[in-house]
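Letter by letter, the chains look like this.
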Amino acid sequence: MAIHRLRSALRAHSGTLPLRVLRDPDRWFILGTLIATIPAFYLEMLTGERSLVAAAVYVVAALAMLLRIARRQVLMASRSRRWLVWALIAGLLLAALMPPSSTSSLALSLRLLTALLTLLHMMWLLQHLLARDSLPALLGAAVLVLVLCGAGFWWIEPRTPTLQDGLWLAFTTAATVGYGDVVPSTPASKVFAVFVVLLGFGILSLVTASIAAMWVESSERRMEDDILRDLHAEIGQLRAELRATHEELKALQRRLDQPP
């Protein structure tokens, strides 16, 4: 019974954490601004010109993170994560000031590094929702990532004229299948494919681990139930033996108390 009570308490405690995450508007605002930096990155690569819209998106994302720091909601993390947060803010501000990526290798490298830090920070913001034992949330996240990646390929890759072609290329890229019927052909789509592979490794690995953990947890639960059932049977047997021993002692005591 104690094991069952402990397990129920842990599940109740873990269930309240995602609710607090869902009710955090600042977290979702920062996540939205960081997601918006992805099309902003490719907007300059496709047009080959400086985009004020992309620069504004970078600045808004940096300001949103600075506002969260001002509210003491980020600096409570570890020291290494603090440096990543400050590096991401600096990268976003520099990305807004640098020339177009198509005309400057330094600007392209900086924006690529900033995009990588952005993905890391987005995973940090969603780590409580993407727990290994939350299979429905992981499946929903995997479908959403594939749909967004397919839409991205549809937008930036000339060989995917339809959304279906973009979704197919996103799936084969994320799963690292590589059939070769549709491949990235432009620098922008090749860079995008790199991030799709990284996201595919992360999301699909979590889904696979969640399914495996579900089977392992079911086996462990059956083993625990069998152990508890055997333990209860042994305890019942010990009680019966103690009760019989107690009756024998009472009978012996009565015979000793009788006068000779």
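Scope of this entry: the structure provided in the associated data block. All values reported here derive from a predicted model rather than from experimental measurement. (Residues numbered from 1 in each chain as written. Predicted model: local features only at pLDDT ≥ 70, side-chain atom pairs only at ≥ 80, totals over all residues. Heavy atoms only, no water.)

1. Brief notes about the packing of aromatic side chains
Each pair of aromatic rings is reported with the distance of its centres and the angle of its planes.
Alright, step 1. The tally for this structure, following the rule as stated, stands at five aromatic pairs.
Alright, step 2. Ring centres of Phe41 and Tyr42 lie 4.9 Å apart, and the angle between their planes is 90°; this geometry places the pair in the edge-to-face category.
Alright, step 3. Their ring planes at 10° and their centres at 5.6 Å tell us that Trp168 and Tyr179 sit as a pair that is stacked. Taken together, the positions of Trp168 in helix H7 (residues 163-174) and Tyr179 in the loop between H7 and helix H8 (187-257) put the pair eleven residues apart, joining distant regions of the chain.
Alright, step 4. Here Tyr179 falls in the exposed class, since its relative accessible area comes to 56%.
Alright, step 5. Every member of this aromatic cluster is reached through a ring pair, and the members are Phe41, Tyr42, Phe153 and Phe192. (Phe/Tyr/Trp six-rings, centres within 6.5 Å; stacked < 30°, edge-to-face > 60°. Helix = DSSP H or I, 4+ residues; strand = E, 2+ residues; numbered from the N terminus. Buried < 20%, exposed > 50% of the residue type's maximum accessible area, 1.4 Å probe, protein only.)

2. Some details on helix H5 (residues 105-125)
Alright, step 1. The end-to-end C-alpha distance of H5 is 30 Å, a good match for the 30 Å that 21 residues give at a rise of 1.5 Å each.
Alright, step 2. Inspection of H5 places Ala107, Leu110, Arg111, Thr114, Ala115, Leu117, Thr118, Leu119, His121, Met122, Trp124 and Leu125 among the buried residues, and these make up the whole buried set. (Expected span 1.5 Å × (residues − 1).)

3. Regarding the packing of helix H2 (residues 25-47) against helix H3 (residues 52-70)
Alright, step 1. Where H2 meets H3, the axes come as close as 8 Å, and the angle between the chain directions of the two elements is 155°. Between H2 and H3, the angle falls in the class roughly antiparallel. Relative to H3, the crossing made by H2 is left-handed. Residues Asp26, Arg27, Phe29, Ile30, Thr33, Leu34, Ala36, Thr37, Ala40, Phe41 and Glu44 of H2 lie in contact with H3, whose contacting residues are Ala54, Val57, Tyr58, Val60, Ala61, Ala64, Met65 and Arg68.
Alright, step 2. Here the residues of the contact of H2 with H3 sort into 13 nonpolar, two polar and four charged. (Axes fitted to C-alpha atoms, helices over the stretch in contact; angles between N-to-C directions. Parallel < 35°, antiparallel > 145°, perpendicular 65-115°, else oblique. Left-handed = near helix turned anticlockwise from the far one by under 90°. Contact = heavy atoms within 4.5 Å. Nonpolar A, V, L, I, M, F, W, Y, C, P; charged D, E, K, R; others polar.)

4. What to know about a nonpolar patch on the surface
Alright, step 1. Nonpolar side chains collect at one region of the surface, where Val59, Leu63, Leu66, Trp86 and Leu93 lie side by side and expose about 400 Å² of accessible area between them.
Alright, step 2. Elements that contribute at least two residues to the nonpolar patch include exactly H3 and helix H4 (79-97).
Alright, step 3. Of the residues forming the nonpolar patch, the biggest block, three residues, is contributed by H3. (Patch = residues over 30% accessible without salt bridge, like charges linked within 9 Å, V, L, I, M, F, W, Y side chains within 5 Å. Areas by Shrake-Rupley, 256 points an atom, 1.4 Å probe, with all protein chains shown as cover. Salt bridge = Lys/Arg side-chain N within 4 Å of Asp/Glu carboxyl O.)

5. A word on unusual backbone geometry
Alright, step 1. In this model, Thr176 sits at a positive phi of 55°, which is unusual for a non-glycine residue.
Alright, step 2. You can see Thr176 is positioned in the loop between H7 and H8.

6. Some points on the environment of Trp168
Alright, step 1. Given the relative accessible area of 34%, Trp168 is considered partly exposed.
Alright, step 2. Remark: the alpha-carbon pair of Trp168 and Val147, spanning 21 residues in sequence, is separated by 9.8 Å.
Alright, step 3. Apart from residues lying up to four places away in sequence, Trp168 is in contact with Tyr179 and Asp181.

7. Concerning the side chain of His121
Alright, step 1. Relative to the helices and strands, His121 is located in helix H5.
Alright, step 2. Non-local contacts of His121, meaning those with residues more than four positions away in its chain, are made with Ile30, Leu34, Met65, Val85 and Leu88.

8. Looking at the packing of helix H6 (residues 135-156) against H7
Alright, step 1. In contact at an axis separation of 7 Å, H6 and H7 are set at 120° when each is read in the N-to-C sense. As the angle between them shows, H6 and H7 are arranged oblique. Taken as a pair, H6 and H7 cross one another with a handedness that is right-handed. Mapping the contact onto sequence places Leu146, Val147, Cys149, Gly150, Ala151, Phe153 and Trp154 in H6 and Leu163, Gly166, Leu167, Leu169, Ala170, Phe171, Thr173 and Ala174 in H7.
Alright, step 2. Of the residues in the contact of H6 with H7, the class split is twelve nonpolar, three polar and no charged.

9. Describing H2
Alright, step 1. For H2, spanning 23 residues, the distance from its first C-alpha to its last is 33 Å, which sits close to the expected 33 Å at 1.5 Å a residue.
Alright, step 2. A positive backbone phi angle near 75° is found at Gly48, which sits one or two residues after H2.

10. A word on the nonpolar core
Alright, step 1. Membership of the largest hydrophobic core comes to 41 residues, with the highest contact counts inside it found for Leu34, Tyr42, Tyr58, Met65, Leu92, Phe153 and Phe192.
Alright, step 2. Among the elements of the structure, H2, H3, H4, H5, H6, H7 and H8 are those that each provide at least two residues to this core.
Alright, step 3. Here the element with the most residues in this core is H3; it accounts for eight residues.
Alright, step 4. Ranked by size, the runner-up nonpolar core spans five residues in total, among them Leu138, Ala142, Ile203 and Val207. (Core = buried A, V, L, I, M, F, W, Y, C linked by side-chain atoms within 4.5 Å.)

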